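The primary structure of each chain is shown beneath.
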Amino acid sequence: MRPEERFHPISDDFRSPYARDRDRIIHSGSFRRLEYKTQVFLNSQGDFFRTRLTHSIEVSQIARSICSHLGLQESLAESIALAHDLGHTPFGHIGGDTLDECLKKRGFTHGFEHNFQSFRVVTLLEQRYKAFLGLNLTYATLEGILKHSYPYAKSFLPPSVSDVFDLGTHPSIEAMIVDRADEIAYISHDIDDGIASGLISFDTLRSSELIRTILDKVYEEGIREEEDEMFRYRFSSHLINHLVYSLLAYSRDKIDNSRVLASVLPSAQPIGIGFDPALETQIKKLKKTLHQELYQHKLIVRKMFAGKQAIIGLFNALSEEPKMLPHYYLEQCDRRNPHRVISDYIASMSDRYAMKLYNELYGRE
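None of these values were measured; they are calculated from a predicted model.

K.L.:
What should I look at first to understand the nonpolar core in this one?
P.N.:
Here is a general trend for soluble globular proteins: nonpolar side chains tend to be buried in one another's company. Residues Ile 173, Ile 177, Ile 191 and Phe 235 are the most contacted members of the largest nonpolar core, which totals 77 residues. Looking at this core element by element, the count peaks at 11 residues for helix α9 (residues 173–197). Residue contacts for Phe 235: discarding those within four places in its chain leaves Ile 191, Phe 202, Ile 211, Ile 214, Leu 215 and Val 218. Counting residues in each nonpolar core, the second largest holds 23 residues, with Phe 91, Cys 102, Ala 310 and Cys 333 among its members.

K.L.:
Would you mind going over a nonpolar patch on the surface with me for this structure?
P.N.:
Residues Met 1, Phe 7 and Val 164 make up a contiguous nonpolar surface patch of about 270 Å² in total accessible area. Turning to its location among the elements, Phe 7 is positioned in the segment before α1 (17–26). Classification of Phe 7 by relative accessible area gives partly exposed; the value is 37%.

K.L.:
Looking at this structure, how should I read the packing of aromatic side chains?
P.N.:
To describe a pair of aromatic rings, you give the distance between the ring centres and the angle between the ring planes. For the coordinates displayed, the defined rule picks out 14 aromatic pairs. Their ring planes at 15 degrees and their centres at 6.0 Å tell us that Phe 116 and Phe 119 sit as a pair that is stacked. Highlighted residues: Phe 116 and Phe 119, both in helix α6 (residues 114–125), separated by 3 residues, approximately one helical turn. Residues Phe 116 and Phe 119 agree in their burial class; the two are buried. Site record: aromatic cluster; members linked through ring pairs are Phe 7, Phe 116, Phe 119, Tyr 139, Phe 156 and Phe 165. The ring centre of Phe 14 lies 5.4 Å from the NZ or CZ of Arg 15, which sits over that ring.

K.L.:
Sorry, what's going on with the pattern of salt bridges here?
P.N.:
When charged atoms on two side chains of opposite charge get close, those side chains can pair. Scanning all chains against the criterion turns up 28 salt bridges. Between Glu 183 and Lys 287 there is a salt bridge whose closest N-O contact spans 2.7 Å. Of this pair, Glu 183 sits in helix α9 while Lys 287 is found in helix α13 (residues 277–295), placing the two residues 104 residues apart along the sequence. What makes Lys 287 partly exposed here is its relative accessible area of 25%. The salt bridge partner of Asp 344 is Arg 336, with a shortest N-O separation of 2.4 Å. Via salt bridges that share partners, Asp 13, Arg 15, Arg 20, Arg 22, Asp 23, Arg 64 and Glu 78 belong to a single interconnected network.

K.L.:
So what exactly am I meant to see when it comes to helix α4 (residues 74–83) here?
P.N.:
Since there are 3.6 residues in each turn of an α-helix, residues three or four apart along the chain are aligned in direction. The buried count for α4 comes to 9 of 10 residues, which makes it a mostly enclosed element. By the burial criterion, the buried members of α4 are Ser 75, Leu 76, Ala 77, Glu 78, Ser 79, Ile 80, Ala 81, Leu 82 and Ala 83. Its buried side turned inward, α4 meets α1, α2 (29–33), α3 (52–70), α6, α7 (139–146) and α9.

K.L.:
Would you mind showing me how to read α3 here?
P.N.:
Over its 19 residues, α3 extends 27 Å from the first C-alpha to the last, a length consistent with the 27 Å expected when each residue adds 1.5 Å. All of the buried residues along α3 are Arg 52, Leu 53, His 55, Ser 56, Val 59, Ser 60, Ile 62, Ala 63, Ile 66, Cys 67 and Leu 70. Along its buried surface, α3 packs onto α2, α4, α5 (92–105), α9 and α12 (228–251). Note on α3: the residue one or two positions beyond its end, Gly 71, has a positive phi of about 70 degrees.

K.L.:
Looking at this structure, I do not really get unusual backbone geometry. What am I missing?
P.N.:
Cis peptide bonds are those with omega within 30 degrees of zero, and the linkage from Tyr 150 to Pro 151 qualifies with 0 degrees. Inspection of the secondary structure assignment puts Pro 151 in the loop between α7 and α8 (159–164). At Phe 91, a residue that is not glycine, the phi angle is positive and equals roughly 70 degrees. Take Phe 91: it is sitting in the loop between α4 and α5. Overall, Phe 91 belongs to the buried group, its relative accessible area being 1%. Phi is positive for Ser 263, which is not a glycine, with a value near 55 degrees. By the element assignment, Ser 263 lies in the loop between α12 and α13.

K.L.:
How should I be thinking about the state of the cysteines in this particular structure?
P.N.:
Defined simply, a disulfide is a covalent bond joining two cysteines at their sulfur atoms. Inspection of every chain in the model, using the stated rule, returns 0 disulfides. As a non-bridged cysteine, Cys 333 has Cys 102 as the owner of its nearest cysteine sulfur, 16 Å distant.

K.L.:
It is not clear to me how the environment of Arg 180 should be interpreted in this structure. Could you clarify?
P.N.:
Looking at the secondary structure, you find Arg 180 in helix α9. Overall, the relative accessible area of 13% leaves Arg 180 in the buried class. Once the C-alpha coordinates of Arg 180 and Ala 63 are considered, the two residues, 117 residues apart in sequence, prove to be 8.2 Å apart. With residues up to four places along the chain from it excluded, the contact list for Arg 180 reads Leu 247, Ile 273, Gly 274, Phe 275 and Glu 280.

The rules we used
Residues numbered from 1 in each chain as written. Predicted model: local features only at pLDDT ≥ 70, side-chain atom pairs only at ≥ 80, totals over all residues. Heavy atoms only, no water. Core = buried A, V, L, I, M, F, W, Y, C linked by side-chain atoms within 4.5 Å. Buried < 20%, exposed > 50% of the residue type's maximum accessible area, 1.4 Å probe, protein only. Helix = DSSP H or I, 4+ residues; strand = E, 2+ residues; numbered from the N terminus. Contact = heavy atoms within 4.5 Å. Patch = residues over 30% accessible without salt bridge, like charges linked within 9 Å, V, L, I, M, F, W, Y side chains within 5 Å. Areas by Shrake-Rupley, 256 points an atom, 1.4 Å probe, with all protein chains shown as cover. Salt bridge = Lys/Arg side-chain N within 4 Å of Asp/Glu carboxyl O. Phe/Tyr/Trp six-rings, centres within 6.5 Å; stacked < 30°, edge-to-face > 60°. Lys NZ or Arg CZ within 6 Å of the ring centre and 35° of its normal. Expected span 1.5 Å × (residues − 1). Disulfide = S-S within 2.5 Å.

What follows is the structure in structure tokens.
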């Protein structure tokens, strides 16, 4: 199958195939709900902090910029970036981990995994057309969503996936760029949100060589930490630019931009998109610091614990009494395993709706 082809017929359109994918994703209900799904800070904690929606937009912007400089398909990268988090549950990663535990306790050995859930959203769960399920995206976009993380052949993937997608090959160069753009985006905005929240400080992060390099760039502009919002803005800008230019310098001569390389490059072949080894080491050390100082901060852990209890409570309540499901999901219980249907319903919820329903069902309002 060619990268721009789809699995179901489609009418002629003035847009390119990948631009049409992008528009279908943007107009999906799953994309709109990302506005109220946690990145690090719960949506209820303030309007300033990033959500899954703003994160996806930032990833898309970075990926488009990189693809533009490398002569690649910007719309393909944009589509993959905007869809890569559609499968995330409420309450961030703890929500997905908790759903995984709930399903495995009931005999689902494959449990729940948010990257594959994103693929399921665009191929099964979004229903916009009478003739087929999903959004009918191009092969290259679907492959990029499915292969968002390496290795690509995972134990929880059903055989039907490997019948259609070659798990022994890399996705397109555009998809690989989205993976690194995702990393650049969350590092930069998690630091920004963490500093703004007061949970971490630049003093905490100075142990990182990468952070010290970026701070020096901000100081050279004559800006100091006392100029809080401006300092954070300039820091984020310099950090993103530093990582993007470093990626371009390292990757430019390692790629083939003559065509979309969906399912072409063997997965054993080294990925040509990345940073030089010294910078890769700096990034790994910085992520470890963020994990220890921000993601494991007691205030974040408390909020995530509350989200975990909500997920468990909703799963147990809906399993005990499926008639509380919306009509659409209740109908599916006759055709699919009810526990998987319940999992799909909970995964689709926003943070605030999940907490509201949990409080309602357990009389905690």
